[in-house]
Amino acid sequence: MQVLELAQRFEKFFGAQSRIYRAPGRVNLIGEHTDYNDGFVMPAAVAFSTYVAIAKRTERKLVIRSEQFPGSFEFDLDHLPPQRTRSWCDYVLGVATVLQQQGYSLAGASMLIHGEVPIGAGLSSSAAIEVASALALLSLTEIQLPLPQVAQLCRQAENNFVGARVGIMDQFVSCMGKAGHAILLDCRSLEPKFVPIPASLRLVVCNTMVKHDLATGTYNTRRAECEEGMRYFAKHDPAIRALRDVSLDLLDQHARDLPAPIWKRCCHVVRENQRTVDAACALADGDLGRMGELMRESHRSLRDLYEVSCRELDLMVEVAEGQPGFCGGRMTGGGFGGCTVNLVRQENAPEFAAQVAERYRRATGITPQIYTCSAEDGVQALT
Ligand code: GLA
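Conventions used here
Residues numbered from 1 in each chain as written. Predicted model: local features only at pLDDT ≥ 70, side-chain atom pairs only at ≥ 80, totals over all residues. Heavy atoms only, no water. Axes fitted to C-alpha atoms, helices over the stretch in contact; angles between N-to-C directions. Helix = DSSP H or I, 4+ residues; strand = E, 2+ residues; numbered from the N terminus. Parallel < 35°, antiparallel > 145°, perpendicular 65-115°, else oblique. Left-handed = near helix turned anticlockwise from the far one by under 90°. Contact = heavy atoms within 4.5 Å. Near = heavy atom within 4 Å. Polar contact = N/O pair within 3.5 Å; in protein donor to acceptor, adjacent residues only side chain to side chain. Nonpolar A, V, L, I, M, F, W, Y, C, P; charged D, E, K, R; others polar. Disulfide = S-S within 2.5 Å.

1. Quick notes on the packing of helix H10 (residues 311–320) against helix H11 (residues 349–364)
Right, on to step 1. Running from N to C, H10 and H11 point in directions that differ by 135°, and their axes come no closer than 9 Å. Of the possible angle classes, the one that applies to H10 and H11 is oblique. Note that H10 runs across H11; the crossing there is right-handed. Contact residues: Arg311, Glu312, Leu315, Met316, Val319 and Ala320 in H10; Phe352, Val356, Arg359, Tyr360, Ala363 and Thr364 in H11.

2. A look at the site of the ligand
Right, on to step 1. Glu32, His33, Asp35, Asp170 and Tyr219 are the nearest of the 13 residues found near the ligand.
Right, on to step 2. Arg26 places a side-chain nitrogen or oxygen 2.9 Å from an oxygen atom of the ligand.
Right, on to step 3. In this structure, an oxygen atom belonging to the ligand sits 3.5 Å away from a main-chain N or O atom of Gly334.
Right, on to step 4. Counted by class, the shell around the ligand contains five nonpolar, four polar and four charged residues.

3. Details of the state of the cysteines
Right, on to step 1. For the structure on display, the rule yields zero disulfides.
Right, on to step 2. Of all cysteine sulfurs in the structure, the one in Cys154 sits closest to Cys89, which takes part in no disulfide; the separation is 16 Å.
Right, on to step 3. Of all cysteine sulfurs in the structure, the one in Cys339 sits closest to Cys373, which takes part in no disulfide; the separation is 8.9 Å.

Right, here's the structure in full:
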């Protein structure tokens, strides 16, 4: 993306000079569907980003345009819509609404958005637009907030305005990502540990091209199932506040008492938390054999216990097996479509990408997109 050109296009539309913010999408190496259970995740920010160019307006209006979608949206800052409008600009509106509700006074603004994170691919295009918009809006009134707080505000926008009950992972890593590192995040304390990814590895992200949408459907159902499990265990031990607090022993003791689907969901979450903590050690120690095994176990668990995979994701995982330089792979993100993430030795990454694409295409008739990524920095002011 040419930042200068975005600034020029902004000037052409709005007749003003802009500031530009960039926030990245992410891949999650392991720790899936654990964030909203107060558990552990290990994502990395990647080079796909959303750019927001912004300038102050004299009147209290928000005027929002995108370079990817048609139309121009105009809102009165003092009468923002109380709920989602079911358009892409809900992510921006949601952030503006939450910021105002929390007492941050915003200025009228023109915004031009350029998104490069593939949409519906499970790479957090929504967190990227939220985080870049939040920093852009705050910058106009010179408000500086700590980035973890920005992440929480953006999550609230997605929960309360857009209506997807997502956890904190995506917004946090979009804010706090660090080049060359994954973040082991404790989603209860929000304490990050930066885990170096060996420079000899690439994150090869394989897009099944099957789209997912978290605002509707099974994502919120899974959350409700976890809450049911949590309430059950809390009756046995009032110290249990989330599935994070359930031990493997306690889980095993009650295997027969819970309805089967609820037990399966709990089982995934409790074991996935342990796998994630173990994976951070394996990656930091350069034990790629162990790291790969944990990723494979995570995928099987998401497929069989949490039931958020799909045929295409399973196939994409299968066709990676046995390829030279492949350490391990799994579905990444919410599921029901989207991408897999694969740890692959750098020198093998181009051939890996070609082989996986060809095998997947032969099996499904769908041509996948394959992106070879490294871990990147989180949100930045560019101008
Ligand atoms: C989506 C949500 C995250 C997380 C993942 C599943 O990406 O935005 O908060 O719950 O799904 O791990």
